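# Working through the structure, step by step
Letter by letter, the chains look like this.
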Amino acid sequence: MPFEKKIYTDSGIEIKELYNQPTKRDELSGEFPFTRGVQTDMYRGKLWTMRQYAGFSTAEASNQRYHYLLSQGVNGLSVAFDLPTQIGYDSDHELADGEVGKVGVAIDSLEDMEILFKGIKLDEVTSSMTINATGFILLAFYIALAKKQGADLKKISGTIQNDILKEYAARGTYIYPPKASMRIITDIFEWCAKEVPKWNTISISGYHIREAGSTAVQEIAFTLSNGKSYVQAALQKGLDINVFGKRLSFFFNAHNNLFEEIAKFRAARRMWAKIMKDLGATDTKAMMLRFHTQTGGSTLTAQQPYNNISRVTIQTLAAVLGGTQSLHTNGYDEALSLPTEEAASIALRTQQIIAFESGVTDTVDPLAGSFFIESLTDEIETAAWNLIEKIDAMGGSVSSIEQGFVQNEIAKSAYEYQRQIEQGNKIIVGVNKFHTEEKNIIPVFKVDELVQSLQIEKLNALKLKRDNVKVISSLKLIHEKALSGENIMPSVLEAVENYCTLGEISDELRKIFGEF
């Protein structure tokens, strides 16, 4: 008999030539453990929220893009912030030099937030903000603006990413040490439960773990383990798991291995339901894993960039067949630059074509019962539990990150993936096979270098016209609350309403918590 090469998923799970073992599970959507979805009727009742991640340059420029996206059928905004905003520096800080408005929009104050959402009613849209270390400040900006608009805070909804553990493990935009960061996160949980009960207080992110080079199994194992740590921290603070548990959400990646990605999402729901039940949740809604998906940025290629439209389509199908609640599709040009308006429009149309033309939304969990999908779901779950058990044995996510375990596992996977590409064992079309001589004719989006000086001018003008006595008083109050251990959110909200800047608030807490 001739030798047959074995085939594996990117997570190292062997794929058999034929699957013929029927599933023994008898599960329904909308019921524990939610393998088949968190809603009974899934997309027959309500489609996923179609978001497009956007933010660049100034608040004025980003506001124009948001109005365009809303006019094209987007029903949820997703805000990208520049690096200085993400790590707590105003646009005039020396470490912000050259980065203002580059990978996202620059937001220094409530004034910028007012411009960013000009003409957009916050009680009529949901907004997702990809922000972590300074998430509490951006949330305060958003709430302050909602109050100025006269919105009912009990009704506004959206999400802040607010997932600092994955920053230490995979991304790097942290400010404070882990314990201080966890304290801020539980303050947000507590405050939002009372003041903005429909707000998703955290989006526990596997996306960046995957972008850093993890496998699908590692993505859900490390992400769910981080989620477990946040829940444990909230329980230690005396918060009710059946209340804050309903406001937890997740953020996953979608890569090109269609069936592995679908099985990954199904396994993650089942695992999270068990984790929450074991931690004491009794309300089924607190056991539901609700998640946003973004198509895989690291899968996009600069070579033959139009091929990325096909990749994004496969990844969109994976997210939808896997039961996502919200979805962002990448532009085909994002390996070259921020997406142009045309690329963003094609990405949105990809979602709309799948939603309204493909038929995959017509029934709940259409691949359920597939011998292959059910087997792969089980195998991914088993492999992910094995990793979580290792992390638990180290003392949990924070400890495993401090010991470098998570970082090392991701690094090893990233190395192996790249090695397979370079040896030709893994084919990337247009990169290591099917080359063509090509000239780049793709128009790229560039941020004007004048953005930084414009932003600094706005900052200087703001500092001249605001009440600086109130600014000093507000920052002093934040300092006192941080020292006393009281919830800092009310004082942060007061500070932003008095037009304290993001950098001023971040620096005040640096005095207390230090930097990591």
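Report on the accompanying structure.

### Looking at the overall build of the protein
Along the backbone of the protein there are 19 helices and eleven strands. Rg of the C-alpha trace for the protein: 23 Å, near the compact-globule value of 24 Å for 516 residues, within the 12% margin. Expressed as lengths along the three principal axes of its C-alpha atoms, the size of the protein is roughly 85 × 60 × 45 Å. Buried positions account for 57% of the 516 residues belonging to the protein.

### With respect to the nonpolar core
As a rule of thumb, soluble globular proteins bury nonpolar side chains together. Residues Met 113, Phe 117, Met 129 and Phe 136 are the most contacted members of the largest nonpolar core, which totals 134 residues. If one sorts the elements of this core by residue count, helix H4 (residues 135–149) sits on top with eleven residues. Leaving out residues up to four positions away in the same chain, Met 113 has contacts with Ile 107, Met 129, Leu 138, Phe 141, Tyr 142 and Leu 145. Among the nonpolar cores identified, the runner-up in size contains six residues, and Phe 56, Ala 96, Val 100 and Val 447 belong to it.

### Side note on the sheet that holds strand E5 (residues 126–130)
With parallel pairing, nine strands are arranged side by side in an open sheet as E7-E6-E5-E4-E3-E11-E10-E9-E8. Each edge of the open sheet carries a strand with a single partner, namely strand E7 (199–200) and strand E8 (202–205). Across three bridges, the pairing between strand E10 (residues 291–295) and strand E11 (residues 326–328) is parallel. Paired with His 292 across the strands is Ser 326, a residue of E11. Sheet strands touched by H4: E5, strand E6 (158–160) and E7. Its angle to E5, the strand with the most contacts, is close to 155°. Packed on one face of the sheet, helix H12 (residues 341–357) meets strand E3 (49–54) and E11 and runs near 165° to E3.

### A word on the packing of helix H11 (residues 307–321) against H12
Where H11 contacts H12, the two axes come as close as 10 Å, and the packing angle between them is 45°. Of the possible angle classes, the one that applies to H11 and H12 is oblique. Judged by the twist between their axes, the crossing of H11 over H12 is right-handed. Contacts between H11 and H12 involve Ile 309, Thr 313, Thr 316, Leu 317 and Val 320 from the former and Ile 346, Thr 350, Gln 351 and Ile 354 from the latter. Residue composition of the contact of H11 with H12, by class: five nonpolar, four polar and no charged.

### A few points about the pairing of strand E9 (residues 248–254)
Within a regular strand, the side chains alternate between the two sheet faces. For E9, the tally of buried residues reaches seven of seven residues, placing the bulk of the element in the interior. Both faces of E9 are covered, namely the face carrying Leu 248, Phe 250, Phe 252 and Ala 254 and the face carrying Ser 249, Phe 251 and Asn 253. Relative to E9, E8 runs parallel, the two sharing four bridges. Residue pairing for E9: Ile 204 is matched across the bridge by Phe 250. Of the pairings in the sheet, the one linking E9 to E10 comprises five bridges and is parallel in character. The residue bridging Phe 251 from the neighbouring strand is His 292, located in E10.

### Comments concerning the pattern of salt bridges
Oppositely charged side chains can form a pair if their charged atoms are brought close together. In total, this model carries 31 salt bridges according to the counting rule given. The salt bridge involving Lys 237 is made with Glu 190; its shortest N-O contact spans 4.0 Å. Remark: Glu 190 occurs in helix H6 (residues 178–195) and Lys 237 occurs in the loop between helix H8 (216–236) and helix H9 (241–244); sequence separation between them is 47 residues. Among the residues examined, Lys 237 registers a relative accessible area of 31% and is labelled partly exposed. In this structure, Glu 504 and Arg 466 form a salt bridge, with 2.8 Å as the shortest nitrogen-oxygen distance. Of the two residues, Glu 504 is situated in helix H19 (residues 502–513) and Arg 466 in the loop between helix H16 (451–465) and helix H17 (468–484); the sequence distance between them amounts to 38 residues. For Glu 504, a relative accessible area of 19% gives the class buried. Among the ionic contacts, a cluster of salt bridges with common partners joins Arg 36, Arg 266, Asp 365 and Glu 374.

### Observations regarding the side chain of Asn 253
Summarising the element assignment, Asn 253 is placed in strand E9. Relative accessible area serves as the criterion here: at 0%, Asn 253 is assigned to the buried category. Setting aside its immediate chain neighbours within four residues, Asn 253 contacts Tyr 207, Arg 210, Glu 211, Glu 219, Glu 261, Lys 264, Phe 265, Thr 293, Gln 294, Thr 295 and Gly 296.

### Some thoughts on unusual backbone geometry
Glycine aside, residues mostly have negative phi, and peptide bonds are mostly found in the trans state. With an omega of 5°, the peptide bond between Phe 32 and Pro 33 qualifies as cis. The residue Met 42 is not glycine, and still its phi comes out positive at about 45°. By the element assignment, Met 42 lies in the loop between strand E2 (14–15) and E3. In this structure Met 42 comes out as buried when scored by relative accessible area, which is 5%. Residue Tyr 499 is not a glycine yet carries a positive backbone phi of 65°. Checked against the element boundaries, Tyr 499 lands in the loop between helix H18 (489–497) and H19.

Rules behind the numbers
Residues numbered from 1 in each chain as written. Predicted model: local features only at pLDDT ≥ 70, side-chain atom pairs only at ≥ 80, totals over all residues. Heavy atoms only, no water. Helix = DSSP H or I, 4+ residues; strand = E, 2+ residues; numbered from the N terminus. Rg over C-alpha atoms; globule rule 2.2 N^0.38 Å. Buried < 20%, exposed > 50% of the residue type's maximum accessible area, 1.4 Å probe, protein only. Core = buried A, V, L, I, M, F, W, Y, C linked by side-chain atoms within 4.5 Å. Contact = heavy atoms within 4.5 Å. Pairing = 2+ DSSP bridges. Axes fitted to C-alpha atoms, helices over the stretch in contact; angles between N-to-C directions. Parallel < 35°, antiparallel > 145°, perpendicular 65-115°, else oblique. Left-handed = near helix turned anticlockwise from the far one by under 90°. Nonpolar A, V, L, I, M, F, W, Y, C, P; charged D, E, K, R; others polar. Salt bridge = Lys/Arg side-chain N within 4 Å of Asp/Glu carboxyl O.

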